[in-house]
Each structure stands twice: as structure tokens, then as C-alpha cells.
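# Secondary and tertiary structure notes
Residues per chain are reported as follows:
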Amino acid sequence: MASAGLQFFAFILALLGVFGAITATLLPNWKVNADVGSNIITAITQMQGLWMDCTWYSTGMFSCTLKYSVLSLPVYIQAARTTMVLSCILSAFGICISTVGMKCTKLGGDRDTKSYTSSAGGVCFILAGIFELVPTSWYTREIISNFMDPTVPESSKNEPGGAVYIGFISAGLLFIAGVIFCTTCFKKQQGAWIYPTKQQQFPATKQENNAGYNLKDYV
């Protein structure tokens with residue numbers, strides 16, 4: 001029951017991680033630049049994402065421009081696109097596989113099969129968390145290095161947006177969920193190796209006793 005509860009808790013964490021990964025991938029505020037200027041009426045907020053750049057005006061107007069050209073983008077944005085999409089795909093596969101391998105479901109066959117299936121789902125979650133952590137860290141490093149560069153003008157400096165923080169949090173949730181799924185499977189297999197069943201432990205003794213009884217009957 002305890003391991004089943006842990007698996008259910010890990011599944012909830014994985015769901016939150018999947019939603020966070022998809023949200024961080026689609027949000028346009030990976031990089032934010034607030035230019036207030038001398039007049040607050042003309043204040044604008046520029047946001048840059050993986051797929052589009054948006055501008056929000058203090059008057060309430062909001063406009064976005066899609067990034068159609070892939071080759072014109074910096075390397076870290078191209079890598080972030082690829083790894084975030086892979087993270088979303090792996091986490092979605094992990095949800096499907098772990099659903100079959102969870103103990104509280106009636107799918108997946110016997111206990112050993114469900115155990116291996118849940119561990120496979122945990123590996124998918126761990127890989128998804130790593131694929132999401134790499135681009136968010138790289139993107140944050142580029143923002144900080146650009147912000148600390150004295151040759152860059154103040155108007156061109158940016159700060160990490162909300163999508164970066166969502167990416168960090170969802171990557172941690174996916175990694176924790178994957179570790180829990182793999183740990184519950186490992187504990188079960190370790191217990192089976194340390195404490196074998198009685199049928200596997202004493203098969204020869206039973207046969208000898210039965211043979212002894214048969215000899216006595218013939219005497």
C-alpha cells in the first residue's frame with residue numbers, strides 16, 4: 001500500500017511537470033525587458049520566447065510576432081526548442097507508460113510486468129526532466145551574461161521571465177517523479193532477491209521427505 005501511495009503521489013507530480021513543460025514551451029516570456037522611459041503612458045514590456053516575440057503596451061495593446069526563420073535564431077534558442085519538445089514528448093510517454101505500470105490500476109499484466117513498466121515510465125520522466133533542465137539553464141546563463149556585460153546598453157538588457165522559472169520547477173517535478181517510480185520498483189526487486197519464496201527455498205527438502213515416506217510404506 002505504501003509503494004502504491006508513493007506511485008500515485010509521483011504520478012501527480014509528473015502530471016504537474018508535464019503541464020509545466022508544455023506551458024513553459026509555449027509561453028513567450030522567456031526573456032523580459034521592461035522599458036518604462038520618461039512617460040509611463042508610453043511604457044512597454046518586451047517579451048521574447050522560443051516561438052514568438054511579444055510587446056505589451058501600458059495602454060492595453062498587445063502584439064506578437066512569430067519566429068518563422070529557424071536558421072536566423074541563436075544556437076541556444078534552437079537547442080531550447082529541440083530539447084523542450086523532446087521533454088514534452090518523453091513526459092507524455094512517461095504518463096502513458098506509468099499509468100499501465102501503477103499498482104492501483106488493473107492494466108499491465110502481473111506484478112513483475114507492472115514493476116518493469118513503472119520503472120520504464122520513471123526513466124522517461126528523468127530524461128524529460130534533464131531535457132528540460134538543460135535549455136532553461138543555458139537560456140538563463142545567456143540572459144545573465146548579457147545583463148552583466150558592460151558593453152551592452154541598458155535598453156538591450158533583459159531579465160529571466162516567468163517561463164524560465166516554470167521550466168525549472170517542472171523539470172524538478174519530473175525528475176522527482178521519475179526517481180520515485182524507479183525507487184519503488186527497485187525496492188520490490190531487491191526484496192524478492194533477499195527474501196525468496198518458500199517454494200524456491202526448500203524444494204529439495206520436500207522431495208527428500210516425500211521419498212522417505214514412500215520407502216517406509218514399502219517396508
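The preceding data block contains the structure.
This section reports on the structure supplied with the text. Everything numeric here is computed off the predicted structure, so don't read it as measured data. (Residues numbered from 1 in each chain as written. Predicted model: local features only at pLDDT ≥ 70, side-chain atom pairs only at ≥ 80, totals over all residues. Heavy atoms only, no water.)

### Observations concerning the pairing of strand β3 (residues 52–57)
Here five bridges tie strand β2 (residues 44–48) to β3, and the two strands are oriented antiparallel to one another. Looking at β3, one finds that glutamine 46 is bridged to threonine 55. Adjacent in sequence and paired antiparallel, β2 and β3 are bridged by three residues. Where β3 and strand β4 (residues 62–66) come together, five bridges link them in antiparallel fashion. In the strand pairing of β4, aspartate 53 is matched with threonine 65. With antiparallel pairing between neighbouring strands as the criterion, β3 and β4 make up a hairpin whose turn holds four residues, including glycine 60 at a positive phi of roughly 105 degrees. (Pairing = 2+ DSSP bridges. Helix = DSSP H or I, 4+ residues; strand = E, 2+ residues; numbered from the N terminus.)

### Concerning the state of the cysteines
Overall, the coordinates contain one disulfide when judged by the stated rule. The residue that forms a disulfide with cysteine 54 is cysteine 64, at a sulfur-sulfur distance of 2.1 Å. Every disulfide takes its handedness from the sign of the S-S torsion; for cysteine 54 and cysteine 64 that torsion is 105 degrees, giving right-handed. Of this pair, cysteine 54 sits in strand β3 while cysteine 64 sits in strand β4; the two residues are ten residues apart in sequence, bridging distant segments of the chain. By relative accessible area, which is 2% here, cysteine 54 ends up buried. The class for cysteine 64 is partly exposed, based on a relative accessible area of 39%. Distance from the sulfur of cysteine 96, which forms no disulfide, to the nearest cysteine sulfur (cysteine 124) is 9.7 Å. On the basis of relative accessible area, cysteine 96 is assigned to the exposed category, the value being 51%. (Disulfide = S-S within 2.5 Å. Buried < 20%, exposed > 50% of the residue type's maximum accessible area, 1.4 Å probe, protein only.)

### A short note on the nonpolar core
In globular proteins that are soluble, nonpolar side chains generally tend to be buried together. Grouped together as the largest cluster of nonpolar side chains are 15 residues, with contacts concentrated most on Ile95, Phe125, Ala177 and Phe181. Only α1 (2–26), α2 (75–101), α3 (111–148) and α4 (162–194) provide two or more residues apiece to this core. In this structure, phenylalanine 125 is in contact with Ala14, Ser91, Gly94, Ile95, Ser98, Leu174, Phe175, Ala177, Gly178 and Phe181, ignoring residues within four places of it in sequence. Core analysis: the second largest hydrophobic core is formed by twelve residues, Trp30, Leu73, Ala80 and Met84 among them. (Core = buried A, V, L, I, M, F, W, Y, C linked by side-chain atoms within 4.5 Å. Contact = heavy atoms within 4.5 Å.)

### Describing the pattern of salt bridges
A side chain of one charge can pair with a side chain of the opposite charge if their charged atoms are brought near each other. All chains considered together, the criterion is met by two salt bridges. Linking lysine 67 and aspartate 53 is a salt bridge whose minimum nitrogen-to-oxygen distance equals 3.2 Å. Taken together, the residues span a long stretch of sequence, with lysine 67 in the loop between β4 and α2 and aspartate 53 in strand β3 at a distance of 14 residues. Close ionic contact of glutamate 142 with arginine 141 constitutes a salt bridge, the shortest N to O distance being 3.6 Å. Arginine 141 sits in the exposed class, given a relative accessible area of 55%. (Salt bridge = Lys/Arg side-chain N within 4 Å of Asp/Glu carboxyl O.)

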